[in-house]
Structure formats: C-alpha cells, structure tokens
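Residue-level structure breakdown
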Amino acid sequence: MNFEGTYVAMVTPFNEDKQIDEDGFRSNINYLIDKGVTGLVGAGTTGESATVSHEEHQKIIEILVDEVDGRVETIAGTGSNATSEALSLTKFADDAGADAALLITPYYNKPQQHAMVEHYRTIAEETDIPLIAYNVPSRTGINMDVETIVELAKIDNIDAVKEASGSVDKVSDIYRALQHEGLEDDFNILSGEDSLTLPIMAVGGTGVISASANIDAKRMVLMVDSILNDDYARAIELHYEMLELIRALFIESNPVPVKTAMNLMGLPSGPLRQPLAEMKDENLEILKKALKDSDLL
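Residues numbered from 1 in each chain as written. Predicted model: local features only at pLDDT ≥ 70, side-chain atom pairs only at ≥ 80, totals over all residues. Heavy atoms only, no water.

1. What about the overall build of the chain?
To keep things clear, this is the line we draw: Starting at the N terminus, helices and strands are each numbered in turn, a helix being any DSSP run of H or I of at least four residues and a strand any DSSP run of E of at least two. Atoms considered for the radius of gyration are the C-alpha atoms alone. The globule rule reads 2.2 Å times the number of residues to the power 0.38. Burial here depends on accessible area, computed with a 1.4 Å probe over protein chains only, as a share of the maximum for the residue type. Under 20% is buried, over 50% is exposed, and the range in between is partly exposed. Residues are treated as being in contact if the distance between any of their heavy atoms lies within 4.5 Å. Every accessible area reported is derived by Shrake-Rupley at a probe size of 1.4 Å, with residue values counting cover from the shown protein chains alone. Counting rule applied: Lys, Arg positive; Asp, Glu negative; His and chain ends not counted. Just so you know, the charge point we use is NZ for Lys, CZ for Arg, CG for Asp and CD for Glu.
The helix and strand tally for the chain stands at 12 helices and eight strands. Relative to the compact-globule value of 19 Å for 297 residues, the chain shows a C-alpha radius of gyration of 18 Å, a close match. When the backbone C-alpha atoms are referred to their principal axes, the chain occupies close to 50 × 45 × 35 Å. Relative to its full complement of 297 residues, the chain shows a buried share of 54%. Considering only contacts in the chain between residues 6 or more positions apart, those separated by 24 or more positions represent 73%. Of the accessible surface of the chain, which amounts to about 12500 Å², a share of 43% is contributed by carbon and sulfur atoms. Between the centroid of the 23 positive side chains of the chain and the centroid of its 51 negative side chains there is a distance of 6 Å.

2. Some thoughts on the sheet that holds strand 5 (residues 131–135)
Under the convention used in this document: Two strands pair under a simple rule: DSSP has to find at least two bridges between them. Only C-alpha atoms enter the line fits that serve as axes; for helices the fit covers just the stretch in contact. Angles between N-to-C directions range over 0 to 180 degrees.
Strands sit in the order 1-2-3-4-5-6-7-8 around a closed barrel of eight strands; the barrel is parallel. Averaged over all neighbouring strand pairs, the angle between strand axes comes to 25°, with direction disregarded. Contacts between helix 9 (residues 213–228) and the sheet are confined to strand 1 (5–9) and strand 8 (207–210), with strand 1 contributing the most and set at about 160° to the helix.

3. Description of the pattern of salt bridges
Basically, it comes down to this: Salt bridge, as used here: a side-chain nitrogen of Lys or Arg that lies within 4 Å of a carboxyl oxygen of Asp or Glu.
Considering all chains together, one arrives at 18 salt bridges under this definition. Note that Arg-176 and Asp-173 form a salt bridge whose closest N and O atoms lie 3.0 Å from each other. Highlighted residues: Arg-176 and Asp-173, both in helix 7 (residues 168–181), separated by three residues, approximately one helical turn. What makes Asp-173 partly exposed here is its relative accessible area of 32%.

4. Structural notes on the environment of Ile-60
Relative to the helices and strands, Ile-60 resides in helix 2 (residues 54–68). Sequence separation between Ile-60 and Lys-162 is 102 residues, and the spatial gap between their C-alpha atoms is 21 Å.

5. Remarks on the packing of helix 9 against helix 10 (residues 232–249)
Working note: a packed helix pair is described by the angle between its axes plus the distance between those axes. Under the convention used in this document: Take the far helix as the reference: if the near one is turned anticlockwise from it by less than a right angle, the crossing is left-handed, and if turned clockwise, right-handed. In this classification, the charged set is Asp, Glu, Lys and Arg, the nonpolar set is Ala, Val, Leu, Ile, Met, Phe, Trp, Tyr, Cys and Pro, and all remaining amino acids, among them Gly, are polar.
Taken N-terminus to C-terminus, the directions of helix 9 and helix 10 make an angle of 145°; their axes are 9 Å apart at the nearest point. Both helix 9 and helix 10 take part in a crossing whose hand is left-handed. Residues Ile-215, Asp-216, Arg-219, Met-220, Leu-222, Met-223, Ser-226 and Ile-227 of helix 9 touch helix 10, and the partners they reach there are Tyr-232, Arg-234, Ala-235, Leu-238, His-239, Glu-241, Met-242, Leu-245, Ile-246 and Leu-249. Along the lines of polarity and charge, the residues of the contact of helix 9 with helix 10 split into 12 nonpolar, two polar and four charged.

6. Here's the deal with the nonpolar core
Basically, it comes down to this: Here the nonpolar core consists of buried residues drawn from Ala, Val, Leu, Ile, Met, Phe, Trp, Tyr and Cys, with membership extended through side-chain atoms lying within 4.5 Å.
If you look at the biggest cluster of nonpolar residues, it comprises 35 residues, and the most contacted ones within it are Leu-131, Met-144, Leu-152, Ile-158 and Leu-178. Where this core is concerned, the elements lending two or more residues are helix 2, helix 3 (83–96), strand 4 (100–104), helix 4 (113–125), strand 5, helix 6 (146–153), strand 6 (158–163) and helix 7. In this structure, Leu-178 is in contact with Val-150, Ala-153, Leu-183, Glu-184, Phe-187 and Ile-189, ignoring residues within four places of it in sequence. With 31 residues, the next largest nonpolar core counts Leu-32, Ile-33, Ala-43 and Ala-213 among its residues.

Quick look at the structure:
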C-alpha cells in the first residue's frame, strides 16, 4: 500500500465521565474528512491508547472504520510492547476492515534491533493488513537503526515507517539506504514530527501522520499537497504560518495541548485521562495566543 498525503493522528474524545464520546468521535471524523485529509488514525498515542482498555481500543477502531465508510484511508493504532498483544490488536483491525495498522516499537522492554525485526515479522506473517512501523524514541526508549528499517522494508506487508526520531539526517540515510536496495518506491517514510514535515518530505518522505492536523488540518493538507506537487515556495509559506502553532501544540506532552485546543475551539475532545493532567496556566496562554494568531479562535 502506498502512503502519501496527510494522515491525522486523532484524539479520542471523552465525556465528563471520561468514557468514549462516540458521537463526538464521529463528528470529528466528518470534520476532518471535510478538510481534505488523506486518512485518519485511531487509537494511537494522540488517541490516549496507553490509557484505554483493550475493549475500548477495539471500539475506537470499529467506530473509525464504520464512520469513514471508505471515504478516506483508515489506520488503526495496534502497537504494544508485547508482540502477542500487538498481533491480537492487528488481527482485530484487519477483521474490522481498517486499511492499515500503525505499530509503535515495543516500549519499556527495549528489544534489540534484530528482535524488533522479528517482532514486526511475526505480525506481518500472521496478518494481511499493510503495516506502518512507528519509530519514536522519545516515548519508547529505543531508536530503530537505519539498517533495521531497511530490513523491515524487505518484509511483505510492512509498507512504511512513521519516523519521529527528530533527525532529518536519519531520514536522508533511510531513503538513501532504500535506494541502494531498490526499495524506495515500495516503502514510504512518513513524518512523525509535525514541525519537520517539510524537510522530511524534501529528502524523500511522502507525507505526515500529524497530531496538529486535529487543529489545523486545512493548512497541513495544503502544505503536504504543495510539496507533493513540487510547489516548495507555497509549502515554505505554509510551514512558517503553522510553525508557532505546532510548537504551542507540543509545549506539553501530546495530546494535552491538542485536546485543550479542541475544547477551546468547540470541537469534541473532553477531559484527559490520568496520568495526564490539565495544562499549566502560562502554557495555556501561549496556546491561546497561537490559536488566535492562526485565526482558529
């Protein structure tokens, strides 16, 4: 499967009792589709996957697939630090009709590089759904090597990596290594760092899985499409238009500022689940200013 464009890492809206707000989730899905996004990601990090139950995780995937109804691509977050659990969730997403699954590298237990290859291989061999590996060392404590990512690219069903190491140099090295193996057309690199989407795509990336697009999907879509159409002048303008807002949306742990911004904008979001807590007052003011400066408040 080819992954190209703007994919939104969706929040999971909760009601006052901190249960899934199904109507709100469906509303957000339609809101983002109307903004022209390529696809939607449910039950990922931005969706507070770490604090939803297994049953809730499955419910989020079911709602996403049902409400989208084939209008855009659906990607289910199915990663875990236990291969057996990641496999179970990925099989569920496949059976539910999701177009792809996003799997974070196993966290906390810090598997070796060759062990990560086998983790993903096990899941790929036992499912048919296209897989996206997710490298985000700031959250997991491990960083997939370039060589590891190239090994994943050789496995059937593993079609992309969401790269959030924060290094454009690393993306360059991944793309060059894929070229050396003749895999650059069969394996996509997606930005996992909203503020680095422009440079990542400039060196071989094909799109972004974006948390900030919950807030400003229109401009993110325009920027990504501009890059894909080789209109870098327009893409640079949009990059700088969004930059301060993106920084404000990551001033505290994701998805705290994103959910706060959505509440301020009147979009379904609701409270956070512990251990996340509300923003500090001084950071909230920075976020409000960025939203106002972006004409979103």
